[in-house]
Amino acid sequence: MEFVNPAILMGVGLAAIPVVLHLIMRQQPKLLEFPALRFLQARQQSNRRRMKLRHWILLALRVLAICLLAMALARPSIRAAGMLGDSEAPTAAAMIFDTSPRMAYRHENKTRLEAAQDISRWLLPRLPAESQLAIIDANPGDPVFQIDQSTALQRIDRLDTAGPGRPVAELLEGALRLLKESPLTRKEVYIFTDLSQPAWQVDSPERLHQQLAELKGVGVYVIDVGVTDPRNLSLDELQLSGQTLARNSPLRVGTALNSEGMQGSFLVELYLSDAAGQSEKRGELTIEIAPGESKSVDLPLITGLTEGTHQGFVRFVGDDSLSIDNTRYFTVQVKPPWKVLVVASAPIDERAENFTQALAPSEFRRNGQARYEFDVASFADLPKRNVEDYAAICLLDPPAIDEDVWQRLGDFARAGGGLGIFLGPAATIAGMNTPAAQGLLPGLLDRQAFYPNGTIYLTTGEDQHPMLARFRSRRGQIPWEDFPIYRAWQFDKLHDGVGVVASLVNNRPALLERPFGKGRVVTMTTPVSELSDTSEDDRWNQLWGVGSWPFFTLTNELMLYLVGSDEGQLNYAAGQTAVLHIDPTKRFSTVLVSTPRGESLRPSPNQQNDVLVTATGTPGNYRVRAGGDTDGINLGFSANLSAEASRLNRV
């Protein structure tokens, strides 16, 4: 047993006070001769012995009370197995450091990781000299014991918050597995963490509980280095109009500004970088925000992008305590306009007018800003077209088509092309239920459904599909009811793998997708090619009404999806393996990858001529070059931390 304040034990000496008082205050009896009471002498002797015993018992209790009080004030403690910083028996100790980006939060001029390092440096020398020590951080890899305390201290000094990090529970599981292998009886785990919720996500609590139960007697200590009331501003994931754009088409960049405990006006800036890495500001927006708020940020459009790879970033201007979530990076690829074949019935120009104007207005086509180059043809001319020349083909109200044409369209989609089928009055059950047509359509055509009252309309409430991403920010505010649908085709049974993208308000499918080889086939159950002079009795819908921005947006997103505007990922989560597809006609033995830290990597393309980059833990823009300036490549990609990686709300 030890005492926290041994000096106070001197108070035990005060126990002499009752003894002294007892001796001083003891009364001496007076001797009086009283013959008449001699018969009481025997009784007197008995009472005297009893009173003497009581006095000694009372004296002992007083002394004991003073001694116990002195010992209590000295705060006794017992050192048993597993106590923090034991200096006796050797210990198998694992120190777990949460090195997620949140630990870069600065408070009192010190990051949370630096605070954890200071405590661990104090604790480490207090462990027994023969102890086994393991230093575990959130980076990938199996934990191991360090050679000695000096090596462990060096490992602690090198800890960094780079990379997305792993949950503390996962690190604890690894530590328990390591300690189980140790022959030492005493085992301890020290967890240095800011106690933020994302760090404590547990995939399998049962497995962790089982490990703790198997390793009986292990001491687990959680050292909280977090801040009770954090103050931080963070930018959410970027929302791009596309990762792959047509030449001269505008780039739209959006995000959200989130506040934890901060308020005021903050400037959000948009920058675009050139090939040399020089950044130019292309827009800014001032956001007024209050604690706990999340404000959408729609930055000015970036126009005039030339062909090639373009990179940039969004940042907010201001001071907060966590800088890693103040900047978001992006990469886009600009290509020549996509060629699209639009097939319609006579009069083909009039029937294709609304559709092509919504996607590429005449003014945009004249000044070279259109995303698409359209070829308009009739169904009779379709067999003569070389479909391999197009990124997408759209069939506006197709009639019965020859089986060999359906086969060619299937081969086109299977090779990676996009096929849009917009059913209308020209379709027939017999013509659409042939084996060749069913190879592409989402199901067996059943009948036309009539909704003459105008109470049926499109709905995009389930907006999880990429085609509906633009509607998410305005969920519940889209006036689809202003654009009624009077007729639509219904399917008897959908084929396997078919997904419903959008429905009518009565839950009947309106827009369906069928994956097909490397491409995609999208079918709409109501047409987009009606003439303006169609009679009310023959009209199928009013999707092209005045102010029909919802369907205008849907048509643009549908076409971007068909041409594969996001084919080939350019923006990754930090830590993800980036894959860059290189033209198979160009072969390079190695390529040079420049990281945001200024490092150079030299991965080799695989057999498919793809470059795989695994070292993407640092957020920022990466450049990939090979072959020189003339016949070489100059590509790039971006890596960003997830929004969850910087959430500071505590468990």
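Residues numbered from 1 in each chain as written. Predicted model: local features only at pLDDT ≥ 70, side-chain atom pairs only at ≥ 80, totals over all residues. Heavy atoms only, no water.

Engineer: What should I look at first to understand the packing of helix α5 (residues 168-181) against helix α6 (residues 205-214) in this one?
Structural biologist: Axis angle and axis distance: for two packed helices, these are the angle between their axes and the distance between the axes, and together they describe the pair. The N-to-C vectors of α5 and α6 enclose an angle of 30°; their axes lie 10 Å apart at closest approach. Relative to α6, α5 is oriented roughly parallel. The element α5 and its partner α6 pack so that their crossing is left-handed. Of α6, the residues touching α5 (which contributes A169, L172, E173, L176, R177 and K180) are R207, L208, Q211, L212 and E214. Across the contact of α5 with α6, the residue classes tally to 5 nonpolar, 1 polar and 5 charged. (Axes fitted to C-alpha atoms, helices over the stretch in contact; angles between N-to-C directions. Helix = DSSP H or I, 4+ residues; strand = E, 2+ residues; numbered from the N terminus. Parallel < 35°, antiparallel > 145°, perpendicular 65-115°, else oblique. Left-handed = near helix turned anticlockwise from the far one by under 90°. Contact = heavy atoms within 4.5 Å. Nonpolar A, V, L, I, M, F, W, Y, C, P; charged D, E, K, R; others polar.)

Engineer: Looking at this structure, how should I read the sheet that holds strand β14 (residues 279-289)?
Structural biologist: Sheet strands pair via backbone hydrogen bonds, and the direction of the pair is either parallel or antiparallel. One open sheet accounts for 5 strands, arranged β11-β17-β16-β13-β14; its pairing is mixed. Either end of the sheet is taken by a strand with one partner, and the two such strands are β11 (244-246) and β14. Ignoring strand direction, the axes of neighbouring strands in this sheet form an average angle of 25°. Alignment of strand β16 (residues 308-317) against strand β17 (residues 327-335), held across 8 bridges, turns out to be antiparallel. Paired with Q311 across the bridge in β17 is T331. (Pairing = 2+ DSSP bridges.)

Engineer: When you look at the nonpolar core in this model, what are you seeing that I'm missing?
Structural biologist: Proteins that are soluble and globular tend to have nonpolar side chains buried together. One finds V340, F355, Y372, L396, L458, L511 and M559 to be the most contacted residues of the largest nonpolar core, which totals 46 residues. Top element by residues in this core is helix α12 (residues 549-562). It accounts for 7 residues. Setting aside residues no more than four positions away along its own chain, L458 makes contact with W480, I485, A502, S503, L504, A510, M524, L543, F551 and L554. Counting residues in hydrophobic clusters, the runner-up holds 32 residues, among them V343, I421, L445 and L512. (Core = buried A, V, L, I, M, F, W, Y, C linked by side-chain atoms within 4.5 Å. Buried < 20%, exposed > 50% of the residue type's maximum accessible area, 1.4 Å probe, protein only.)

Engineer: Would you take a moment to explain the side chain of D320 for this structure?
Structural biologist: If you trace the backbone, D320 turns up in the loop between β16 and β17. Look at D320: it is buried, it has no salt bridge, and the nearest opposite charge is R231 at 9.4 Å. Separated by 3.1 Å, the side chain of D320 and the backbone nitrogen of L233 make a polar contact. Among the polar contacts made by the side chain of D320, one reaches the side chain of N326 at a distance of 3.2 Å. (Lys, Arg positive; Asp, Glu negative; His and termini not counted. Salt bridge = Lys/Arg side-chain N within 4 Å of Asp/Glu carboxyl O. Polar contact = N/O pair within 3.5 Å; in protein donor to acceptor, adjacent residues only side chain to side chain.)

Engineer: Explain the packing of helix α3 (residues 112-123) against helix α4 (residues 149-157) to me, please; I cannot follow it from the model alone.
Structural biologist: Running from N to C, α3 and α4 cross one another at 170°; their axes reach a closest spacing of 10 Å. By the angle between their directions, the pair α3 and α4 is classed as roughly antiparallel. In contact with Q117, S120 and R121 of α3, α4 contributes L153, I156 and D157. Counted by class, the contact of α3 with α4 contains 2 nonpolar, 2 polar and 2 charged residues.

Engineer: Got a minute to help me understand the pattern of salt bridges in this structure?
Structural biologist: Proximity of charged atoms lets side chains of opposite charge pair with each other. Inspection of the entire model under this criterion finds 15 salt bridges. K110 serves as the salt-bridge partner of D118, at 2.8 Å between the closest nitrogen and oxygen. Residue classification places K110 among the partly exposed positions, given a relative accessible area of 30%.

Engineer: What is the right way to look at the packing of aromatic side chains in this model?
Structural biologist: The relative placement of two aromatic rings is captured by the distance of their centres and the angle of their planes. Considering all chains together, one arrives at 13 aromatic pairs under this definition. Judged by centre distance (6.3 Å) and plane angle (55°), the ring pair of F313 and Y329 falls under tilted. Of this pair, F313 sits in strand β16 while Y329 sits in strand β17, and the two are 16 residues apart along the sequence. When its relative accessible area of 23% is taken as the criterion, Y329 is described as partly exposed. Ring centres of Y372 and F374 lie 5.8 Å apart, and the angle between their planes is 40°; this geometry places the pair in the tilted category. You can call Y372 buried: its relative accessible area is 2%. (Phe/Tyr/Trp six-rings, centres within 6.5 Å; stacked < 30°, edge-to-face > 60°.)

Engineer: How do you make sense of unusual backbone geometry when you look at a structure like this?
Structural biologist: Across residues other than glycine, the phi torsion is negative in most instances, and most of the peptide bonds are trans. The residue after A346, namely P347, is reached through a cis peptide bond having omega -10°. Summarising the element assignment, P347 is placed in the loop between β18 (338-344) and α7 (348-359). A positive phi angle, close to 55°, is found at D397, a residue other than glycine.

Engineer: Any chance you could explain α3 here in plain terms?
Structural biologist: Turn by turn, an α-helix covers 3.6 residues, leaving residues three or four places apart pointing in a common direction. With 12 residues, α3 ought to run about 16 Å at 1.5 Å a step, and its terminal C-alpha atoms sit 17 Å apart, in line with that. Those residues of α3 that fall on the buried side of the exposure criterion are R112, L113, A115, A116, Q117, S120 and L123. Buried residues in α3 make contact with β3 (91-97), β4 (106-107), β5 (110-111), α4 and β7 (186-193). (Expected span 1.5 Å × (residues − 1).)

Engineer: What exactly am I supposed to notice about the side chain of D137 here?
Structural biologist: Tracing the backbone shows D137 in the loop between β6 (132-136) and α4. Residue D137 is classed as buried on the basis of its relative accessible area of 8%. At 3.3 Å, the side chain of D137 and the backbone nitrogen of N139 are in polar contact. Side-chain polar atoms of D137 contact the side chain of R155, separated by 3.4 Å. Dropping the residues within four chain positions of it, D137 is found in contact with F97, T99, R155, L159, R166 and L171.

Engineer: I tried to follow the environment of A391 on my own but got confused; where do I start?
Structural biologist: Along the chain, the position of A391 falls in the loop between β19 (372-378) and β20 (392-396). Beyond its immediate chain neighbours, meaning those up to four positions away, A391 contacts W338, K339, F412, G417, G418, L562 and V563.

Engineer: How should empty space enclosed by the protein be read in this particular structure?
Structural biologist: One way to see where empty space is left: roll a probe the size of a water molecule over the atoms. On inspection of all chains with the given rule, the structure shows 3 cavities of 30 Å³ or more. Of the volumes computed, that of the largest cavity is approximately 70 Å³. Considering the residues around the largest cavity, the lining is formed by Y105, R112, D194, S196, G226, V227, P230, L648 and R650. Classifying every residue of the lining of the largest cavity by side-chain character gives 4 nonpolar, 2 polar and 3 charged. One number sums up the size of the second largest cavity: a volume of about 60 Å³. In terms of lining residues, the second largest cavity is bounded by I324, D325, T327, R328, P619, N640, L641, S642, A645 and S646. In terms of residue class, the lining of the second largest cavity is built from 4 nonpolar, 4 polar and 2 charged. (1 Å grid on protein atoms, 1.4 Å probe; cavity = no way out; pocket = protein on both sides within 12 Å on 5 of 7 lines; lining within 4 Å. Points joined across faces, edges and corners; volume = space filled by probe spheres on them.)

Engineer: Just checking my understanding: could you explain the environment of S279 for this structure?
Structural biologist: Within the element layout of this structure, S279 appears in strand β14. The class of S279 is partly exposed, set by a relative accessible area of 39%. Remark: the alpha-carbon pair of S279 and G312, spanning 33 residues in sequence, is separated by 7.5 Å. The contacts of S279, once residues within four sequence positions are left out, are Y271, L272, S273 and F313. In terms of polar contacts, S279 uses its side chain to reach the side chain of S273, at 3.2 Å.

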